[in-house]
Amino acid sequence: MANLAAGKTVEKLEGLGYVERTPDPADGRRTLIRLTPHGVDLLARSAEGFDRLRADWARTLGEERLAALEQDLRTMAPGGVFRLDAAGWFTG
């Protein structure tokens, strides 16, 4: 079921121009999914937007309370599934 959902997600992202499928040169049975320039731009703009949103939260809550909230969310989320630093999604 998860593979079907992933395939549909890739199909949708491809249709929107965010990713492209290319043959894997190391293994002809595999297909690589790569970001297009449009996809890279979207991720960069999303990271900038998240940074602005987080800065607003820091001004409202204070950096210490925001850091505590982020730590609490990390505690509640399954190990390694979610990252709270959107820029980290883009860079690695």
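All values derive from a computational prediction rather than experimental measurement.

1. Observations regarding the pattern of salt bridges
Scanning the entire structure with this criterion turns up 7 salt bridges. Between Asp24 and Arg30 there is a salt bridge, with the nearest N and O atoms lying 3.1 Å from each other. Taking the relative accessible area as the measure of exposure, Asp24 reaches 10% and is therefore buried. Residue Arg30 is classed as partly exposed on the basis of its relative accessible area of 47%.

2. Some thoughts on the confidence of the model for the protein chain
A residue-level look at the protein chain finds 83% of positions with pLDDT of 70 or above and a mean pLDDT of 86. When mean pLDDT is compared element by element in the protein chain, helix H2 (residues 37-61) scores highest at 95, while helix H4 (residues 86-91) scores lowest at 48. Predicted confidence is poor over residues 86-92, with pLDDT under 50, and the contacts of this stretch with residues over four places away or in other chains come to 8 contacts.

3. Considering the environment of Gly17
Its location among the elements puts Gly17 in the loop between helix H1 (2-15) and strand S1 (19-24). Of the residues examined, Gly17 reaches a relative accessible area of 26% and is grouped as partly exposed. Along the sequence, Gly17 and Thr36 sit 19 residues apart, while their C-alpha atoms lie 6.9 Å from each other. Those residues within four positions of Gly17 in sequence are excluded, and the remaining contacts are Thr36, His38 and Gly39.

Definitions and cut-offs
- Residue positions are counted from 1 within each chain, in the order its sequence is given.
- Note on the predicted model: pLDDT of at least 70 is required for a residue's local features to be given, and 80 or more for side-chain atom pairs to be given and counted; whole-chain, interface and lining totals, by contrast, use all residues.
- The side-chain figures draw on all heavy atoms in the structure; neither hydrogens nor water molecules are used.
- One speaks of a salt bridge when a side-chain nitrogen belonging to Lys or Arg is within 4 Å of a carboxyl oxygen belonging to Asp or Glu.
- Burial classification: accessible surface area is computed with a 1.4 Å probe over protein chains only, and a residue below 20% of its type maximum counts as buried, one above 50% as exposed, and the rest as partly exposed.
- Per-residue confidence from the predictor is reported as pLDDT, which spans 0 to 100.
- Starting at the N terminus, helices and strands are each numbered in turn, a helix being any DSSP run of H or I of at least four residues and a strand any DSSP run of E of at least two.
- We call two residues in contact when some of their heavy atoms are within 4.5 Å.

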